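For reference, the chains in residue letters:
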Amino acid sequence: METVNQAQAQHFYAVSHFLYKAQQTCNEKCVIDFQIKDLSAMEKECANQCIQKHMIMFKDVARL
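Student: What's the story with the state of the cysteines in this structure? I'm lost.
Tutor: Two cysteines joined by a covalent bond between their sulfur atoms form a disulfide. Scanning the model with the defined rule gives two disulfides in all. With its sulfur 1.9 Å from that of its partner, cysteine 26 forms a disulfide with cysteine 50. Residues cysteine 26 and cysteine 50 are joined by a disulfide whose S-S torsion is about -85°; by sign, that bridge is left-handed. Placement of cysteine 26 in helix H1 (residues 6–30) and of cysteine 50 in helix H2 (residues 41–62) is noted, with a sequence separation of 24 residues between them. Each of the two residues, cysteine 26 as well as cysteine 50, counts as buried. The residue that forms a disulfide with cysteine 30 is cysteine 46, at a sulfur-sulfur distance of 2.0 Å. One quick way to see it: the torsion about the S-S bond of cysteine 30 and cysteine 46 is about -65°, and its sign makes the bridge left-handed. Linking cysteine 30 in helix H1 with cysteine 46 in helix H2, this pair joins segments that are 16 residues apart in sequence.

Here is the structure:
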């Protein structure tokens, strides 16, 4: 069994937290109508662009 050290666990938590917050931010910014199950084309485009911006920022900050 492979062990996980504290640095790896902290890195996993940081990445997971970042992705959760990105999803939350993009959802709040882009989803307008919660009465309809499916996303509109505008909501999908907004969410895609929002997530892409977050991933670019994450890449720059994390220096991956």
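Student: Sorry if this is basic, but what is going on with H1 here?
Tutor: One full turn of an α-helix is made of 3.6 residues, so residues set three or four places apart face in the same direction. With 25 residues, H1 ought to run about 36 Å at 1.5 Å a step, and its terminal C-alpha atoms sit 36 Å apart, in line with that. Of the residues making up H1, those classed as buried are Phe18, Ala22, Cys26 and Cys30. Against H2 lie the buried residues of H1. Two or three places before alanine 7, at the start of H1, stands the capping residue asparagine 5, its side-chain oxygen 3.1 Å from that residue's backbone nitrogen.

Student: Sorry, what's going on with a nonpolar patch on the surface here?
Tutor: A grouping of Leu19, Ile51 and Met55 is seen on the molecular surface, where their side chains present a nonpolar patch of about 220 Å² in accessible area. Of note, methionine 55 is situated in helix H2. Taking the relative accessible area as the measure of exposure, methionine 55 reaches 32% and is therefore partly exposed.

Calculation criteria
- Residues numbered from 1 in each chain as written.
- Predicted model: local features only at pLDDT ≥ 70, side-chain atom pairs only at ≥ 80, totals over all residues.
- Heavy atoms only, no water.
- Disulfide = S-S within 2.5 Å.
- Helix = DSSP H or I, 4+ residues; strand = E, 2+ residues; numbered from the N terminus.
- Buried < 20%, exposed > 50% of the residue type's maximum accessible area, 1.4 Å probe, protein only.
- Expected span 1.5 Å × (residues − 1).
- Contact = heavy atoms within 4.5 Å.
- Polar contact = N/O pair within 3.5 Å; in protein donor to acceptor, adjacent residues only side chain to side chain.
- Patch = residues over 30% accessible without salt bridge, like charges linked within 9 Å, V, L, I, M, F, W, Y side chains within 5 Å.
- Areas by Shrake-Rupley, 256 points an atom, 1.4 Å probe, with all protein chains shown as cover.
- Salt bridge = Lys/Arg side-chain N within 4 Å of Asp/Glu carboxyl O.

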